[in-house]
Amino acid sequence: MHHSIIAVVLPFLGEVQLSGYLLFVFFLCVLAVIGFEFVNGFHDTANAVATVIYTKALKPVYAIPWSGAFNFLGVFLGGVTVAMGILKLVPLDKLMTLPVSVGACLVLAVLLASIIWNLGTWYLGIPCSSSHTMIGAMIGAGLAFTWYYNGPGVNWEKAEEIGSSLVLSPIIGFGAAALLMLFLKHVTKSHALFHIPSGENDRPPIHIRLLLITTCTLVSFFHGSNDGQKGVGLFMLILIAFMPAHFAVNHHIPNAKVLSELNRTEQVITNALNSGTDQKNVLLQLNKALDQTRASLKAKSETDVAKTYSYRKQVESVIKDIRLVIKNEKIKFSQKDRDVLTGASNELEHVTDFAPIWVIAIISLSLGLGTMIGWKRIVVTIGEKIGNEHLNYAQGATSEIVAASTIGLSTAFGLPVSTTHVLSSGIAGAMVASGGKGNLNSKTLKNIALAWVLTLPVAIVLAALLFMLFHLFI
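Residues numbered from 1 in each chain as written. Predicted model: local features only at pLDDT ≥ 70, side-chain atom pairs only at ≥ 80, totals over all residues. Heavy atoms only, no water.

Peer 1: Summarise the overall build of the chain; cite the residues concerned and give the values.
Peer 2: Along the chain, the regular secondary structure elements total 19 helices and two strands. Within the chain, buried positions represent 56% of all 474 residues. Within the chain, contacts between residues separated by at least 24 positions form 83% of all contacts whose residues are at least 6 apart in sequence. By element, 66% of the accessible surface of the chain is carried by carbon and sulfur atoms, the whole surface being about 20000 Å². (Helix = DSSP H or I, 4+ residues; strand = E, 2+ residues; numbered from the N terminus. Buried < 20%, exposed > 50% of the residue type's maximum accessible area, 1.4 Å probe, protein only. Contact = heavy atoms within 4.5 Å. Areas by Shrake-Rupley, 256 points an atom, 1.4 Å probe, with all protein chains shown as cover.)

Peer 1: Explain the packing of helix 12 (residues 280-299) against helix 13 (residues 305-327) residue by residue, including any values.
Peer 2: The interhelical angle for the contact between helix 12 and helix 13, taken along N-to-C directions, is 155°, at an axis separation of 9 Å. One element, helix 12, and the other, helix 13, form an angle in the roughly antiparallel class. Remark: the crossing between helix 12 and helix 13 carries left-handed chirality. Counting all contacts with helix 12, which are made through Val282, Leu283, Gln285, Leu286, Ala289, Leu290, Gln292, Thr293, Ser296, Leu297 and Ala299, the residues of helix 13 involved are Lys307, Ser310, Tyr311, Gln314, Val315, Val318, Asp321, Ile322 and Val325. (Axes fitted to C-alpha atoms, helices over the stretch in contact; angles between N-to-C directions. Parallel < 35°, antiparallel > 145°, perpendicular 65-115°, else oblique. Left-handed = near helix turned anticlockwise from the far one by under 90°.)

Peer 1: Can you explain the environment of Arg209? Please cite residues and give values.
Peer 2: Residue position: Arg209 is located in helix 9 (residues 206-242). For the pair formed by Arg209 and Val52, sequence separation is 157 residues and the distance between their alpha carbons is 8.2 Å. Among residues more than four places away in sequence, those in contact with Arg209 are Ala57 and Pro204.

Peer 1: Mind laying out the packing of helix 7 (residues 130-149) against helix 9, listing which residues take part and the relevant values?
Peer 2: With their axes 10 Å apart at the nearest point, helix 7 and helix 9 run at an angle of 25° to one another. The pairing of helix 7 with helix 9 is recorded here as roughly parallel in orientation. Here helix 7 runs over helix 9; the crossing is left-handed. In this structure, helix 7 uses Ser130, Ser131, Met134 and Met138 to contact helix 9, whose residues at the interface are Asp227, Lys230, Leu234 and Leu237. Classifying every residue of the contact of helix 7 with helix 9 by side-chain character gives four nonpolar, two polar and two charged. (Nonpolar A, V, L, I, M, F, W, Y, C, P; charged D, E, K, R; others polar.)

Peer 1: With reference to specific residues and values, describe the pattern of salt bridges.
Peer 2: Enumeration over the complete set of coordinates arrives at eight salt bridges. Across the pair Lys257 and Glu261 runs a salt bridge whose closest N-O atoms are separated by 3.2 Å. Placement of the pair is Lys257 and Glu261 together in helix 11 (residues 255-274), with a separation of four residues, close to one helical turn. Residue Arg312 pairs with Glu316 through a salt bridge whose shortest N-O separation is 3.3 Å. Of this pair, Arg312 and Glu316 both sit in helix 13, separated by four residues, roughly a single helical turn. One network of salt bridges, with partners in common, ties together Lys257, Glu261, Arg264 and Glu347. (Salt bridge = Lys/Arg side-chain N within 4 Å of Asp/Glu carboxyl O.)

Peer 1: Account for the nonpolar core, with residues named and values stated.
Peer 2: Formed by 72 residues in total, the largest nonpolar core has its most connected members in Phe26, Leu239 and Phe242. Tallying contributions element by element places helix 6 (residues 100-123) first for this core, with 11 residues. Val268, Ala272, Leu283 and Ile322 belong to the second largest nonpolar core, which has 26 residues in total. (Core = buried A, V, L, I, M, F, W, Y, C linked by side-chain atoms within 4.5 Å.)

Peer 1: Could you give an account of the environment of Thr55, naming the residues involved and the relevant values?
Peer 2: Inspection of the secondary structure puts Thr55 in the loop between helix 2 (46-54) and helix 3 (60-77). In this structure, the C-alpha to C-alpha distance between Thr55 and Ala397, residues 342 residues apart in sequence, is 9.6 Å.

Peer 1: So what's going on with the environment of Leu469? Which residues, and what values?
Peer 2: Within the secondary structure, Leu469 sits in helix 19 (residues 442-471). We classify Leu469 as partly exposed; its relative accessible area is 41%. Taking C-alpha positions, Leu469 is 8.7 Å from Cys105, a pair spaced 364 residues apart along the chain.

Peer 1: So, helix 15 (residues 357-371): which residues are in play, and what are the values?
Peer 2: The terminal C-alpha atoms of helix 15, which comprises 15 residues, lie 21 Å apart, in line with the 21 Å expected from a rise of 1.5 Å per residue. Burial in helix 15 covers these residues: Trp358, Val359, Ile360, Ile363, Ser364, Ser366, Leu367, Gly368, Gly370 and Thr371. (Expected span 1.5 Å × (residues − 1).)

Peer 1: Describe the side chain of Ser366, listing the residues and the values that go with them.
Peer 2: Counting through the fold element by element, Ser366 comes out in helix 15. The exposure class assigned to Ser366 is buried, which follows from its relative accessible area of 5%. Looking at Ser366, its side chain comes within polar contact range of the main-chain oxygen of Ile362, at 2.8 Å. With residues near it in sequence (within four places) discarded, Ser366 still touches Ile34, Glu37 and Phe38. (Polar contact = N/O pair within 3.5 Å; in protein donor to acceptor, adjacent residues only side chain to side chain.)

All quantities given are derived from atomic positions and should not be read as evidence of function.
Encoded structure:
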């Protein structure tokens, strides 16, 4: 089927050359990822504001914009480690060797599957994880991709790592919140901390109010830094799928900077070879990789997909080799040389692991605005239906302290976690610590557990079917 190529100059992107229907699909994908992050805003971030609203620490009219603003800042300042971890779930390298239309099918399947399930669970008021949804969709699309094109479709090692963090985080949230609640019950003498507000004007004392606002702020910020990065990862997947030559590597890093890091590494390796080590083969292999990376650096082009793909592969290879050499205990490096190698691998990683500032800004804005719009359904579930009694101040504070700590640490390690599950399990843990398991609302917990169990398989199947459907048109 012949499709005429259309050249369009777009803000931030420059000249885009895609056939008519691919240009349409590209815009559709961009709108879909903005929609996903918008839905994520009112689906997941509602968890952050539920405690301050239901403890009367802040009225919704103040709590929602406040949380939205800190979600915005969280995405903007959170880096891209989690985003790049998400990207590594799908076969990017294989995608770059295939027609753009194949990447379009994969991206659209992931995005639509994620949005459909997120909207469905939001409508029912069930606190479902956007992280589970998106990762399930990426696995499903990856499996369908393998069915058609063989080769690696899903990075199972990365999927296992992410899956472990998603499974363990709510368990940690439940246990840590329960322990913190028990600690507060037995140590603090403040009866006001355990007060259950009744009536619109029953507000917490100023010191408790400040504590609850602080914990809400921290959860909002760390939610942005973790969940917001998932939107950044999806946006980069779109850009790499549709414009691999332009976005598969960071062309804004000067060639001289890359060359400098390669030369510094070579100097350290040469010194190690001259010292008479018995690991010469390992070091010579790294030297060879450095030479090949220099050659691909010289040949790379913002318009040539094959040369950009080759450069990306070489940079990834040399980073892997440098890190293997650093870990090799048989090679004795001085601390100075070890620091040079570590610094070089980290700097070279910026060539492949990056997101333009405008991508981060768009996702930040989408998440922040989403927080301010559809928050109420999930807030009611978190605030009223997890326990059989109204949320007290201590329960709200402990669950949010644990959630902020868990999400913040996960972001630091580059692992995506579910804000929904960490916080709702934290509230459940605090409720149990307050009044035993009889204090939990079994019906709500069954709904949350059912969504938790169903999300991955449903998202996998839905994304795989959507990929197959879209593939019929290419």
